[in-house]
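One-letter residues, chain by chain:
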There are 2 protein chains.
Amino acid sequence: MQKIFIAGIGQTPVRENWEKSLKELAGDAALLALEDANLGYPEGLFVGNMMSGSANHQLQLGALLADWLGMHHREAFGLEAACGSGAAAFRAGLMAVASGELSSALIVGVEKMTDSPLAEITASLATAADADLEGDFGVSFVALNALIMRRYMHEYGWGTSDFAAFSINAHKNAVHNPYARFNKAISLSDYERAGMVCEPINLLDASPVSDGAAAVFLSATPPPTGKRISIAASSAASDSISLQHRKNPLRLFAAEESAQKAYAQAGISPRDIDLFEYHDAFSIMAALSLEAAGFCEPGQAPRLANDGEIAIQGQLPVATLGGLKARGHPVGATGVYQLAEVVLQLRGDAGLNQVEGAKWGMSQNIGGSGSNIITHILHQE
Amino acid sequence: MQKIFIAGIGQTPVRENWEKSLKELAGDAALLALEDANLGYPEGLFVGNMMSGSANHQLQLGALLADWLGMHHREAFGLEAACGSGAAAFRAGLMAVASGELSSALIVGVEKMTDSPLAEITASLATAADADLEGDFGVSFVALNALIMRRYMHEYGWGTSDFAAFSINAHKNAVHNPYARFNKAISLSDYERAGMVCEPINLLDASPVSDGAAAVFLSATPPPTGKRISIAASSAASDSISLQHRKNPLRLFAAEESAQKAYAQAGISPRDIDLFEYHDAFSIMAALSLEAAGFCEPGQAPRLANDGEIAIQGQLPVATLGGLKARGHPVGATGVYQLAEVVLQLRGDAGLNQVEGAKWGMSQNIGGSGSNIITHILHQE
């Protein structure tokens, strides 16, 4: 695939946002990215979203947003891969530009979850599970993750408190991120006192239901000014949606495959990655992601976290601007937030959260409990 | 864009299908296309669907179907552009193959609408309208089309019976299509006696709510045997979703743009098109599509239909296997049915509905009331 560049990014603050409609929210992020890129309108628009049909009574977000932005008649589609919709939109846009059909594309991820009653959002989130085998029996998404976490603890002997380090790191990194949902550090005792959501997952293991939008501008030609950020690798893989059909529910096979392909494409190894924006929707997903991407052996991720290796100054900084846990997880937007954050780091614009000298940044967006996993590696040239 | 080929197609009969789940239905069409292509598993899967989140409590159709088909870990996404989702998935898959990222891709369109109460489906269909400006005020999708048809009649002086020719042609062509919802011809007096849905749209102006799935196998290399069907043009354009924001609600500007670009890509003119699978969700959309694609002047499509020019033996055969009106309109699947039907014609496999010597076939899939329009021209080499 030819080299494609990220010429602009935009983010809205992740929060409960009742002042903006879905298209206004998505439009705000899009306009920021257009302004940042300063290359005029893109030739195509790819929108990542999971649940606007049920949560906002609105589909066709591509055409809706293209019109709202004034992108006169340009082509525009929606991409869906549950919580992986943002990176799916990015990858579809990337392939469109790489095909030569488009010279540029705007990728927008948006989700507006807090307008609806929480029970409805829980039901919408459950559509990412297998309806025939999981969803229709009333298994919620957090319950699926709780089953995995419980098995992980049983298999490898970790206690619940051993997972606290993932959330403490995420919250610490969110303190100085103006776009983060929670600008508040948490302690081990906060974690240990947190209310139980679905045993063994407590409130501080879980990413928050949120509203947010993020955008990225892709260009076939390098931007005339500023640092050059290119896409060194893009790779996606799928797995069974239902946990019962996985050979081993403690391994994210699609992440292993997607990450291995990405390293090969970029011509680097896990050791070369300067920061990793992982998909910490729950602490257990943070652990499984680190293992699947080859940063440690299966069962060893809590050790990596507790040894401080995942901090900004550690061997492998993760969730450098708060991650899903503390920046927030507006599901269809998350994959695009991750990419925008990697760009900030590679540009050297991450402020107090800057990973010094970052050249290679990886993001990994997960749909479902591991059924659709998309890995990107960005490079500052 | 490099030349890409269609190596296989598959369709399920369009009907109320309560025996199959969503994934079984999609899987049936997919397996038929895999068998037809006989090139093994494709490298990627692109699923067009509009409303499975609300109608079937199931999202992530990409991963769901990839797993069901045994496409071990291959990448898989869902595409959404309302009723244009099928062709959107095709175009995304086409660009993926053209980018060199994939050497082959399976495109599946699926919709399962009849499991839900009709009021829920009407609400789901309304998510293709603009929620802020149309949907939340209770305007149904048929009502939007009724507004356009009424204005068209006022502007150009046609009566309701002048539209009957579109539906009579579609039903006649569906009689011998084993995949069609209605295998029954209708007469002018049937049309004139049909119950009113939303004045001036009657039951025989409207395509039926249906279940169905269709699939197409894309390959970067020509199939080793059989006729070579290549994609001569692929083009998409958008417009405002809300009717009130269109400069002229009687013109499908996105269809004009998309069709003009497609003719230019293929290096042909409307006169060279041997058959046109248009998006006759309602008779008025059939009329506007013919005009926008350049087959007649604005306001003249009913004349074309009443002169018999749209029949199999006419100047421009349309809806050659029944169209949305009589083959049926499982919304997210429709765009893929259209493409499969064009392939049947170009292969010379359309049986009693064969357009003699067909070399150039065009399909046009419409999202919303004209807000997302995707045109493809296929060529038998």
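The structure this text deals with has already been given above.
Residues numbered from 1 in each chain as written. Chains lettered and ligands numbered in written order. Predicted model: local features only at pLDDT ≥ 70, side-chain atom pairs only at ≥ 80, totals over all residues. Heavy atoms only, no water.

Q: How would you sum up the side chain of N173 of chain B? Please name residues and give values.
A: Relative to the elements of secondary structure, N173 of chain B occurs in helix α7 (residues 164-174). Beyond its immediate sequence surroundings of up to four residues, N173 of chain B is in contact with I312, V318, A319, T320, L321, G322 and N353 of chain B. (Helix = DSSP H or I, 4+ residues; strand = E, 2+ residues; numbered from the N terminus. Contact = heavy atoms within 4.5 Å.)

Q: Mind laying out the layout of surface pockets, listing which residues take part and the relevant values?
A: All names here are of chain A. Its boundaries defined by the atoms lining it, the largest pocket holds a volume of some 840 Å³. Around the largest pocket, the lining is made up of 38 residues, and of these L203, A206, S207, P208 and V209 lie nearest the centre. Of all the elements in the fold, those that place two or more residues in the lining of the largest pocket are α5 (118-125) and α6 (141-156). Taken together, the residues of the lining of the largest pocket sort by class into 22 nonpolar, 11 polar and five charged. (1 Å grid on protein atoms, 1.4 Å probe; cavity = no way out; pocket = protein on both sides within 12 Å on 5 of 7 lines; lining within 4 Å. Points joined across faces, edges and corners; volume = space filled by probe spheres on them. Nonpolar A, V, L, I, M, F, W, Y, C, P; charged D, E, K, R; others polar.)

Q: How would you summarise the relation of the copies chain A and chain B if you had to cite specific residues and measurements?
A: After a rotation of 180 degrees and a shift along the axis of 0.0 Å, chain A superposes on chain B with an RMSD of 0.0 Å. In symmetry terms, the pair is related by a two-fold rotation axis. Rotation axis and chain A: the residue whose C-alpha lies nearest the axis is S99 of chain A, separated from it by 1.9 Å. A high fraction, 100%, of the interface residues of chain A reappear at the interface in chain B, so the copies pair face to face through one surface. (Least-squares fit on C-alpha atoms with pLDDT ≥ 70 in both.)

Q: Before we move on, could you go through the interface of chain A and chain B and cite the residues and values that matter?
A: At the junction of the two partners, chain A supplies 57 residues and chain B supplies 58 residues. Among the residues of chain A in contact with chain B, Q60, H73 and F77 of chain A are the three that bury the most area, contributing 17% of the side total. Counting across the chain A and chain B interface gives eight salt bridges. Residues D130 of chain A and K23 of chain B are paired through a salt bridge, measuring 3.1 Å at the closest nitrogen-oxygen approach. For the pair chain A and chain B, the interface holds 30 residue pairs in polar contact (both at pLDDT 80 or more). Of all the secondary structure elements, the ones that give two or more residues to the side of chain A that touches chain B are α3 (61-69), β3 (75-80), α4 (85-98), β8 (229-238), α9 (253-266) and β11 (372-380) of chain A. Counting residues per element, the side of chain A that touches chain B draws most heavily on β3 of chain A, which supplies six residues. In the side of chain A that touches chain B, the residues fall into 26 nonpolar, 19 polar and 12 charged. Here three bridges tie β3 of chain A to strand β3 (residues 75-80) of chain B, and the two strands are oriented antiparallel to one another. Its bridge partner being in β3 of chain B, L79 of chain A is matched across the sheet by L79 of chain B. (Buried area = accessible area lost by both parts, 1.4 Å probe. Salt bridge = Lys/Arg side-chain N within 4 Å of Asp/Glu carboxyl O. Polar contact = N/O pair within 3.5 Å; in protein donor to acceptor, adjacent residues only side chain to side chain. Pairing = 2+ DSSP bridges.)

Q: Go over empty space enclosed by the protein, please, and point to the residues and values.
A: All chains considered together, the criterion is met by four cavities of 30 Å³ or more. If you add up the space inside the largest cavity, you get close to 350 Å³. M50 and L59 of chain A together with M50, L59 and E80 of chain B are, among the 29 residues lining the largest cavity, the residues nearest its centre. Elements that contribute at least two residues to the lining of the largest cavity include exactly α2 (52-55) and β3 of chain A together with β2 (44-48), α2 (52-55) and β3 of chain B. When the residues that make up the lining of the largest cavity are grouped by side-chain class, the tally is 12 nonpolar, 15 polar and two charged.

Q: So what's going on with the pattern of salt bridges? Residues and values would help.
A: The full count for this structure, using the stated rule, is 30 salt bridges over all chains. Measuring nitrogen to oxygen at the nearest pair gives 3.3 Å for the salt bridge that ties E19 of chain A to R15 of chain A.

Q: So what's going on with α6 of chain A? Which residues, and what values?
A: All names here are of chain A. Over its 16 residues, α6 runs 23 Å from end to end, which matches the ideal 22 Å to within 8%, given 1.5 Å per residue. Where the residues of α6 are buried, they touch α5, β5 (196-198), β6 (201-202), α10 (283-292) and α11 (301-306). Of the residues flanking the end of α6, it is G157, one or two places downstream, whose phi is positive at about 80 degrees. (Expected span 1.5 Å × (residues − 1).)

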